[in-house]
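# Reading the structure
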Amino acid sequence: MTPSDESRHAHDGRASHEGRYGETFFSPEAAGEGERIDFGALAYDDITMARLRALGAGPGWRCLDVGAGTGTVSRRLLEEAGVASVLAVDRDVRFLGARAVPGLDVREADITGEGVTGADIPGADFAPGRFQLVHARFVLMHLPEHERLIRALAERVAPGGVLVLGDAVDLTSDQTPDSPYTSAMRAMWQGLRSTIGTDVSWVPSYPRLLRGAGLEPVAAEIHVPPLQPGSPISRFWADTWERSRQAMVATGLVDDAAVDAAVRYLGSDACAALSAGMLTAWGWKPEEG
Ligand SMILES: C[S@@+](CC[C@H](N)C(=O)[O-])C[C@H]1O[C@@H](n2cnc3c(N)ncnc32)[C@H](O)[C@@H]1O
C-alpha cells in the first residue's frame with residue numbers, strides 16, 4: 001500500500017467506521033477487559049521479553065511503551081530487565097495506574113494526536129525526549145494511518161536505539177479447511193475492520209515499513225502460541241469473540257449459534273486449528289554522524 005493509498009484508506013475508514021478501539025468494542029470500562037488483555041499478555045509476554053532483552057534492553061535504558069494496556073511489559077522491563085525507566089502511554093490508564101513500580105511513569109494520551117492542536121507528529125507531545133527503546137504491541141493494527149504512526153514512533157528513538165513493534169498476523173487463507181474456528185476468525189477480522197478499522201493485512205510489511213521510516217538494519221519474527229483448551233490464547237480469542245460478537249454476526253459470515261459453537265470448539269479437545277500469530281519487528285536508529 002502506498003502512502004497515498006493509505007491516507008485514502010484511512011480517510012475512507014474514518015468515514016465509515018462506527019468508532020475506534022476502546023469505544024464500540026474493547027472498552028476499558030467493560031467488566032473483564034483488563035483480564036482479556038492479560039490473557040494476551042500471558043500468551044506473548046515471555047516471547048516479547050526474550051526479544052527485548054536480546055536486543056539489549058537492560059540497565060541504563062530509557063524506554064517508551066506505547067498503548068501499554070495493563071502494563072505487563074512495562075513492569076517486566078523494570079523488574080526483570082532492570083531498565084532505568086519506562087514511560088507507559090495509553091489513551092486510558094486505569095489499568096496502568098493499578099500498581100506502581102519504581103521507574104514507571106504513566107501518561108494518558110492518544111498517540112494519533114486526535115485533539116492535539118497543531119501537532120505535526122501524531123501525539124507529538126505525549127513523550128518528550130528520545131528513548132533507547134520504543135515499543136508498541138497490538139496497538140497499531142487497531143489504528144488508521146499506521147505508516148504515519150510508525151514514522152512518528154521512529155522519531156522518538158534515540159540514535160543507536162531500537163523501535164520494536166508487534167501485531168497480529170492472520171494465518172488463515174482461502175485454502176484453510178473450514179472449521180468453527182476458521183469461520184469465527186474470518187468473521188472477527190472482517191467485522192473489526194468494518195467497524196473500528198482494525199486491519200492486520202499490512203502487518204507482514206513491517207520490515208519494509210520500518211526500513212521506510214529510516215531504520216537500519218531491520219528484522220522480524222513470528223510466534224504462534226498453541227491453541228490448547230484452557231490456554232491463555234484460547235481464552236483470549238474466546239473472550240475477544242464475545243466482545244466483538246455484534247460485528248462478527250453483522251458480517252453475515254456467522255450467526256450467534258456459530259460464534260457459540262466456535263467458543264465451545266476452542267475449549268474442547270476437538271480443536272485442531274492454528275492461532276493467529278504475533279509478528280515482532282524491529283529496526284535500529286542509525287548513530288548520528
Ligand atoms: C490490545 S491492547 C494491547 C496492550 C499491550 N500493549 C499488550 O500488548 O498487552 C491495545 C491498547 O492500546 C491502547 N490504545 C488504543 N488506541 C490508542 C491510541 N490511539 N492512543 C493510545 N493508546 C491506544 C488501548 O487503550 C489498549 O490499552
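First things first, this report covers the structure right here in the doc. Just so it is clear, the structure is predicted and the values come from calculations on it, not from any experiment.

Okay, the sheet that holds strand 1 (residues 62-66) next. If you trace the seven strands from one edge of the open sheet to the other, you get 3-2-1-4-5-7-6, paired in mixed fashion. Whereas interior strands pair on both sides, the edge strands pair on one side only; in this sheet they are strand 3 (104-108) and strand 6 (218-223). For this sheet the average axis-to-axis angle between neighbouring strands, irrespective of direction, equals 15 degrees. Along the sheet, helix 2 (residues 33-54) makes contact with strand 4 (131-137), strand 5 (157-169), strand 6 and strand 7 (277-284), crossing strand 7 at roughly 15 degrees. Across the sheet, helix 3 (residues 72-79) lies against strand 1, strand 2 (85-90), strand 3 and strand 4, angled at about 175 degrees from strand 2, the strand it touches most.

In the region of the ligand, 20 residues are neighbours, and Gly67, Gly69, Arg91, Arg137 and Phe138 sit closest. When its residues are assigned to classes, the shell around the ligand shows eight nonpolar, seven polar and five charged.

Time to look at the pairing of strand 7. Along strand 7, six of the eight residues are buried, which leaves the element largely enclosed by surrounding structure. One ladder, built from eight bridges, connects strand 5 with strand 7; its direction is antiparallel. The residue bridging Leu165 from the neighbouring strand is Ala281, located in strand 7. Direction of pairing for strand 6 relative to strand 7: antiparallel, over a ladder of six bridges. Considered in strand 7, the bridge of His223 is made with Met278.

Quick look at helix 5 (residues 180-195) now. With 16 residues, helix 5 ought to run about 22 Å at 1.5 Å a step, and its terminal C-alpha atoms sit 22 Å apart, in line with that. Within the sequence span of helix 5, burial applies to Pro180, Tyr181, Ala184, Met185, Ala187, Met188, Trp189, Gly191, Leu192 and Thr195. Looking one or two residues past helix 5, Gly197 carries a phi angle of roughly 90 degrees, positive in sign.

A word on the environment of Leu140. As for its placement among the helices and strands, Leu140 is situated in the loop between strand 4 and helix 4 (146-155). Owing to 26 C-beta atoms within 10 Å, Leu140 belongs among the buried residues under this scheme. A sequence separation of 28 residues divides Leu140 from Thr112, and the C-alpha atoms of the two residues are 9.8 Å apart. Beyond its immediate sequence surroundings of up to four residues, Leu140 is in contact with His146, Leu149, Leu165 and Asp167.

Rules used in this analysis
Residues numbered from 1 in each chain as written. Predicted model: local features only at pLDDT ≥ 70, side-chain atom pairs only at ≥ 80, totals over all residues. Pairing = 2+ DSSP bridges. Helix = DSSP H or I, 4+ residues; strand = E, 2+ residues; numbered from the N terminus. Axes fitted to C-alpha atoms, helices over the stretch in contact; angles between N-to-C directions. Contact = placed C-beta atoms within 7 Å. Near = placed C-beta within 6 Å. Nonpolar A, V, L, I, M, F, W, Y, C, P; charged D, E, K, R; others polar. Buried ≥ 20, exposed ≤ 12 C-beta atoms within 10 Å, placed from the backbone. Expected span 1.5 Å × (residues − 1).

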